[in-house]
Amino acid sequence: MSLDYEVLISEPIPQNITALVPNGDRRMFSPITSTLIHGAEDAVLVDPPLTSEQTEAVGDWIERSGKRLTHIFATHGHGDHWFGAGPLSKRFPGVRVVASAGTIAQMRVHADPDFRAGFWDKLFPGQIPDSPVLAETVPDNRFQLEGHDLVIVEVGHTDTDDTSVLHVPDLALVVAGDVIYNGVHQYLAESADGGLEAWLAAIDQVEQLGARHITAGHKDSALDDDAGRTIAETRRYLHDARELLAVHDTAEGFFHAMLERHPSRLNAGALWNGASTLYR
Ligand SMILES: [Zn+2]
């Protein structure tokens with residue numbers, strides 16, 4: 001039986017920040033992509049979302065698929081890619097939560113009570129579920145779905161440290177987390193000190209997997225999952241950032257110059273978050 005995949009996008013939700021983005025937008029969190037890879041009977045979820053409400057919708061979607069959820073995989077440690085694993089592992093007993101060793105270390109950072117309270121719970125008061133770190137590694141960074149290999153490829157620093165993608169060779173699919181973006185402003189806040197170069201090298205690594213489809217962790221639901229386009233656009237955004245960071249003295253100048261080059265990407269607030277952090 002061959003595999004297939006679907007995505008569910010958790011659409012942008014407001015952050016608990018009153019200051020507007022310099023272009024007048026309200027501060028929002030980017031759309032979040034969850035990917036369900038499935039065979040005849042079983043399914044694997046990649047990147048559960050962030051809030052309790054989003055997680056409930058993803059759980060309903062998995063239930064409607066009629067498949068048995070065997071694994072939850074998280075591509076990296078940012079809470080918007082795994083906090084939903086807590087409630088989902090209660091809702092689907094027996095499911096295994098899987099990640100690379102590096103991702104598990106980063107999950108511990110985001111789950112730390114002080115960090116969580118000072119960052120995630122402040123942005124989304126009362127909205128984030130309890131989510132202990134349940135993830136475990138798998139031998140040789142691979143696991144199976146109905147006999148098909150799912151391969152965890154560790155690519156290092158991209159929009160944060162210790163990130164990975166899930167390669168599904170039999171689907172010519174890479175579930176890319178935040179290594180590849182699709183029509184959404186990229187999170188540059190952790191890109192100082194060689195971060196852009198590391199991210200570009202990770203994109204090369206993904207390209208070498210030769211996939212035809214890429215599901216990006218943050219995607220505009222109106223767009224397809226074409227691998228060539230999403231790789232090229234993610235790379236170009238980083239090249240533009242590198243060029244414009246060198247010529248602009250202020251976060252505002254950089255922000256507006258990036259917006260001019262990428263006017264159709266969603267959530268300028270994510271760009272502003274990165275700009276204000278890089279110029280701090
Ligand atoms: Zn993310």
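Look up a bit, the structure's there.
Reading guide: rules and limits
Residues numbered from 1 in each chain as written. Predicted model: local features only at pLDDT ≥ 70, side-chain atom pairs only at ≥ 80, totals over all residues. Heavy atoms only, no water. Pairing = 2+ DSSP bridges. Helix = DSSP H or I, 4+ residues; strand = E, 2+ residues; numbered from the N terminus. Axes fitted to C-alpha atoms, helices over the stretch in contact; angles between N-to-C directions. Left-handed = near helix turned anticlockwise from the far one by under 90°. Contact = heavy atoms within 4.5 Å. Nonpolar A, V, L, I, M, F, W, Y, C, P; charged D, E, K, R; others polar. Donors = N, O, S within 2.8 Å, 3.2 Å for Na, K, Ca; no water. Tetrahedral: all angles 85-135°; square planar, octahedral: opposite > 155°, others 65-115°. Buried < 20%, exposed > 50% of the residue type's maximum accessible area, 1.4 Å probe, protein only. 1 Å grid on protein atoms, 1.4 Å probe; cavity = no way out; pocket = protein on both sides within 12 Å on 5 of 7 lines; lining within 4 Å. Points joined across faces, edges and corners; volume = space filled by probe spheres on them. Polar contact = N/O pair within 3.5 Å; in protein donor to acceptor, adjacent residues only side chain to side chain.

Backbone hydrogen bonds hold the strands of a sheet together, and the pairing may be parallel or antiparallel. Pairing is mixed in the open sheet, where 5 strands are placed in the order β1-β4-β5-β6-β7. Single-partner strands in this sheet number two, and they are β1 (4-10) and β7 (96-98). Going from strand to strand, the sheet's axes swing by 25° on average, the running direction of each strand aside. Alignment of strand β4 (residues 32-38) against strand β5 (residues 42-46), held across 4 bridges, turns out to be antiparallel.

This next bit is on the packing of helix α8 (residues 251-261) against helix α9 (residues 268-278). Geometrically, a packed helix pair is captured by the angle between its two axes and the distance between the axes. Relative to each other, α8 and α9 sit at 145°, their axes nearing to 9 Å. In the crossing of α8 with α9, the sense of the turn from one axis to the other is right-handed. Contact with α8, carried on its side by Ala251, Glu252, Phe254, Phe255, Met258 and Leu259, involves Ala268, Leu271, Trp272, Ala275 and Ser276 of α9 and no other residues of that element. Looking at the contact of α8 with α9 residue by residue, the classes come out as 9 nonpolar, 1 polar and 1 charged.

Looking now at the coordination of the zinc ion. Taken together, Asp80 (OD), His81 (NE2), Asp178 (OD) and His218 (NE2) make up the protein donors of the zinc ion, found 2.0 to 2.4 Å from the metal. Every donor counted, the 4 donor atoms about the zinc ion form angles of 83 to 165° at the centre, which fits irregular coordination. We classify His81 as buried; its relative accessible area is 0%. Owing to a relative accessible area of 2%, Asp178 belongs among the buried residues under this scheme.

A word on the sheet that holds strand β8 (residues 142-145). Strand order in the open sheet formed by 5 strands is β8-β9-β10-β11-β12, and the pairing between neighbours is mixed. The open sheet has two free edges, formed respectively by β8 and β12 (213-215), since each of these has just one partner strand. Neighbour-to-neighbour, the strand axes of this sheet turn through a mean angle of 25°, independent of strand direction. Of the pairings in the sheet, the one linking strand β11 (residues 173-175) to β12 comprises 3 bridges and is parallel in character. Within β12, the position partnered with Val174 by the bridge is Ile214. The strands touched by helix α6 (residues 195-207) are β9 (148-156), β10 (163-168), β11 and β12; relative to β9, the strand with the most contacts, the crossing angle is about 160°.

The next point concerns the layout of surface pockets. The volume enclosed by the largest pocket comes to roughly 500 Å³. Surrounding the largest pocket, 29 residues form its lining, His78, Phe119, Trp120, Tyr187 and Asn273 being those nearest its centre. The set of elements that each furnish at least two residues to the lining of the largest pocket consists of β3 (28-29), α3 (101-111), α5 (120-123) and α9. In terms of residue class, the lining of the largest pocket is built from 11 nonpolar, 12 polar and 6 charged.

Turning to its location among the elements, His157 is positioned in the loop between β9 and β10. The exposure class of His157 is buried, given its relative accessible area of 16%. Note: C-alpha distance between His157 and Ala257 (100 residues apart in sequence) is 25 Å. The contact partners of His157, leaving out residues within four places of it in the chain, are Asp162, Thr163, Glu190, Ser191, Gly195, Ala198, Trp199 and Ala202. Only 3.3 Å separates the side chain of His157 from the backbone oxygen of Thr160, close enough to count as a polar contact. A distance of 3.0 Å separates a polar side-chain atom of His157 from the backbone oxygen of Glu190.

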